[in-house]
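Here are the chains, one letter per residue:
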Amino acid sequence: MNNIKAEEKSEFNEKVKDESIKQLSESVEKCFSFYTKVMLYFSSSFLVMALFTLLIYLEDRNWIYPLFFFIFSLFITAGVTVAGAVSGIKNITLGLKELMEEGFKIYEEINKGSEGNTREKNIKTAINLIILPAIRRVAMSKIGGKMVYGIIKKIVEKFESEILTKLKSEDLKVLKKNENTRVKILLEYGFKILSNVTASLILFLQISSVILCSMGVISIIILSLLRVFFKF
């Protein structure tokens, strides 16, 4: 970023920055729906389990079974909350894909107006002067935005590193005369990187959700059987 001249910065600020930041901001907003999903799943599950606990207590006014029922139901609440996180991560992935698409549009605009620069420099320019500032602008206005911005920034930086490496690979060197094909290949490669990063995380969370819910259900079934036998 330090190698970018001030006049170059001014040039593409005038051309693409305002509109690009608007588009990028909409994509970043989708990333923050993660919080909404998690809180919706958590609150819904918690309220349902709390209501069941209250109804059980009102049935016979015995606090022992309802207390343990509520404690074990927290496993179910945790599992449902993790399921909400999975849904939220899918929204983040969608937002990041849109960020990539918009990022390449910005790159193409900069590339048109900066023919003397290398493609590598134009990619760095797009990321450091437009994409990351746009993400930060939206993130800093949100609760927990600093943390989310840090996560997205790391993903973007990994993406940048992978793309710059890909630019130097043999399969792109043979496409010097066809820039549109090069950009399409890079974009598809970026989607592949993103999918690889999120697929393992989503699978882990899905398994965790099933395990937590199963633990809660099994514990409640065992508790109910014990209640029948020991009359508490």
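Starting afresh in each chain, residues are numbered from 1 along the sequence in its written order. The predicted origin of the model limits local features to residues at a pLDDT of at least 70 and limits the giving and counting of side-chain atom pairs to 80 or more, whereas totals for whole chains, interfaces and linings rest on all residues. Values shown for side chains rest on all heavy atoms present in the structure; no hydrogens or waters enter the calculation.

A. Molecular detail of helix H2 (residues 33-60). Its 28 residues place the ends of H2 42 Å apart at the C-alpha level, agreeing with the 40 Å of an ideal helix rising 1.5 Å per residue. Looking at H2, one finds that the buried residues are Ser33, Val38, Ser45, Met49, Thr53 and Ile56. Just beyond H2, the residue with positive phi is Arg61, at close to 60 degrees. For helices the rule is a DSSP run of H or I covering at least 4 residues; for strands it is a run of E covering at least 2, with both sets numbered from the N terminus onward. Any helix carries an expected span of 1.5 Å times its number of residues minus one. Buried, partly exposed and exposed residues are distinguished by accessible area as a fraction of the type maximum, computed with a 1.4 Å probe on protein chains only: under 20%, between the cut-offs, and over 50%, respectively.

B. Here's a closer look at the nonpolar core. To define a nonpolar core, start from buried Ala, Val, Leu, Ile, Met, Phe, Trp, Tyr and Cys residues and group those joined through side-chain atoms within 4.5 Å. Of all hydrophobic cores here, the largest spans 33 residues; its most connected members are Leu24, Ile106, Ile123, Ile131, Ile135 and Ile152. Elements with a minimum of two residues in this core: helix H1 (6-31), helix H3 (64-113), helix H4 (119-139), helix H5 (145-167) and helix H7 (179-230). Among the elements that line this core, the one with the most residues is H4, at 11 residues. Here Leu24 is in contact with Leu99, Glu102, Ile106, Ile130, Ile131 and Ala134, once residues within four sequence places are set aside. If you look at the next biggest cluster of nonpolar residues, it comprises seven residues, including Ile56, Tyr65, Ile220 and Leu223. It only takes one pair of heavy atoms within 4.5 Å for two residues to be counted as in contact.

C. Summary view of H5. In this model H5 runs 32 Å from its N-terminal to its C-terminal C-alpha over 23 residues, within 8% of the 33 Å that 1.5 Å per residue would give. Of all the residues in H5, the buried ones are Gly145, Val148, Tyr149, Ile152, Val156, Phe159, Glu160, Ile163, Leu164, Lys166 and Leu167.

D. Geometry of the layout of surface pockets. Points on a 1 Å grid over protein atoms alone make up a cavity when a 1.4 Å probe fits among them but cannot get out, and a pocket when they form an open set with protein on both sides within 12 Å along at least five of seven lines; lining residues each have an atom within 4 Å of a point. Grid points are joined across faces, edges and corners, and a volume is the space filled by probe spheres set on the points. Estimated volume of the largest pocket: approximately 280 Å³. Around the largest pocket sit 15 residues that line it, and Ile89, Ile92, Ile151, Ile155 and Leu201 are the ones nearest its centre. Those elements that provide at least two residues to the lining of the largest pocket are H2, H3, H5 and H7. Among the elements that line the lining of the largest pocket, the one with the most residues is H5, at five residues.

E. Local environment of the confidence of the model for the protein. pLDDT: the predictor's confidence for each residue, scored from 0 to 100. Residues at a pLDDT of 70 or more form 81% of the protein, whose mean pLDDT is 79. When pLDDT is averaged over each helix and strand of the protein, the minimum, 57, is found for helix H6 (residues 170-173) and the maximum, 90, for H2.

F. Local environment of the pattern of salt bridges. Salt bridge, as used here, is a side-chain nitrogen of Lys or Arg placed within 4 Å of a carboxyl oxygen of Asp or Glu. Under the defined criterion, the tally for this structure stands at one salt bridge. Its salt-bridge partner being Lys153, residue Glu157 comes within 4.0 Å of it at the nearest N-O pair. Of this pair, Glu157 and Lys153 both sit in helix H5, four residues apart, roughly one helical turn.

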